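# Examining the three-dimensional arrangement
If you want the building blocks of each chain, they are given just below.
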Amino acid sequence: MIAPAAPAFVPLDPQFEQRVRGSFARQPFMATIGARLGTVEPGRVEVILPFAEGLTQQHGYFHGGSIGAIADSAGGYAAFTLFPADSSVVTVEYKVNIMSPGRGEQLIALGEVLKSGRTLTITRVDVFAEAQGKRTHCASGTQTLFCLAGRSDTRA
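All of these numbers come straight from a predicted model, not from anything done at the bench.

On to the overall build of the protein chain. Helix and strand counts for the protein chain stand at three helices and six strands. Traced from its N-terminal end to its C-terminal end, the protein chain shows the element sequence α-α-β-β-α-β-β-β-β. Here the C-alpha coordinates of the protein chain stretch approximately 45 × 45 × 25 Å along the principal axes. By residue count, 44% of the 156 residues in the protein chain fall in the buried class. For the protein chain, restricting intrachain contacts to residue pairs at least 6 apart in sequence, the fraction spanning at least 24 positions comes to 66%. When the accessible surface of the protein chain is summed, it comes to about 8,300 Å², and 56% of that surface belongs to carbon and sulfur atoms. Computed over 14 positive and 13 negative side-chain charges, the inter-centroid distance for the protein chain is 3 Å.

In structure tokens form, the structure reads like this:
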């Protein structure tokens, strides 16, 4: 069975990309691990994590925490692209299944909105390890996010 194409979403905020990129830039944790944003589209966001020794486990693969962290951000920001301009996003729950070792020059997490609701949004996240230009699907997951309407995305 072939999976259906992702739905076409229309963002509530025409400045969604600028808002997402600004929010991501304010995340100290993403900066600490060296993650950066790739594609930002309505309902779809990529987070890229270059290899660094400090992100690995004992076998030299990307640590599961590294995989989970960028999966969480990719799904969260995919949801955030569809939220009103005066809102923020928090993760309610996520589950990631690691299917193969994360080994290579970088990880790429792709978050896509499955269902965008007034308060809860559901995303699917896939993480790929890229080695010498070849991508290996290393993890998949789902996520539930909460829209904090009327709440700024900046620290108080």
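The next thing to look at is helix α1 (residues 16-25). One full turn of an α-helix is made of 3.6 residues, so residues set three or four places apart face in the same direction. Taken residue by residue, α1 has F16, R19, V20, S23 and F24 as its buried positions. The buried side chains of α1 occupy one side of the element, clustering within an arc of 130° when seen end-on. Relative to its buried face, α1 has exposed residues pointing more than 90 degrees away, namely Q18 and A25. Next to the buried residues of α1 lie α2 (28-33), β1 (36-41), β2 (44-50) and α3 (64-80).

A separate point is the nonpolar core. Membership of the largest hydrophobic core comes to 35 residues, with the highest contact counts inside it found for A35, V47, L49, I70, L107 and V127. Breaking this core down by element, the ones donating at least two residues are α1, α2, β1, β2, α3, β4 (106-116), β5 (120-131) and β6 (134-149). For this core, the element with the highest residue contribution is α3, accounting for nine residues. Setting aside anything within four residues of it in sequence, one finds V47 in contact with F24, M30, A35, R36, L37, I70, S73, A74, L107, I108 and A109.

Throughout the structure, instances matching the rule amount to eight salt bridges. Between D153 and R26 there is a salt bridge, with its nearest N and O atoms 2.8 Å apart. Of this pair, D153 sits in the segment after β6 while R26 sits in the loop between α1 and α2, and the two are 127 residues apart along the sequence. Note on R26: relative accessible area 40%, which makes it partly exposed. Put simply, R135 and E130 hold a salt bridge, and the shortest N to O gap is 3.1 Å.

On the surface, V90, V92, L120 and F146 cluster together into a nonpolar patch covering about 310 Å² of accessible area. Considering the arrangement of structural elements, one finds F146 in strand β6.

Moving on: the side chain of T123. Mapped onto the fold, T123 is located in strand β5. Judged by its relative accessible area of 0%, T123 is buried. When neighbours within four sequence positions are excluded, T123 is seen to be in contact with G75, A79, E112, V113, L114, G141, T142, Q143 and L145.

What counts, and at which threshold
- Residues numbered from 1 in each chain as written.
- Predicted model: local features only at pLDDT ≥ 70, side-chain atom pairs only at ≥ 80, totals over all residues.
- Heavy atoms only, no water.
- Helix = DSSP H or I, 4+ residues; strand = E, 2+ residues; numbered from the N terminus.
- Buried < 20%, exposed > 50% of the residue type's maximum accessible area, 1.4 Å probe, protein only.
- Contact = heavy atoms within 4.5 Å.
- Areas by Shrake-Rupley, 256 points an atom, 1.4 Å probe, with all protein chains shown as cover.
- Lys, Arg positive; Asp, Glu negative; His and termini not counted.
- Charge placed at Lys NZ, Arg CZ, Asp CG, Glu CD.
- Arc of directions from axis to C-beta.
- Core = buried A, V, L, I, M, F, W, Y, C linked by side-chain atoms within 4.5 Å.
- Salt bridge = Lys/Arg side-chain N within 4 Å of Asp/Glu carboxyl O.
- Patch = residues over 30% accessible without salt bridge, like charges linked within 9 Å, V, L, I, M, F, W, Y side chains within 5 Å.

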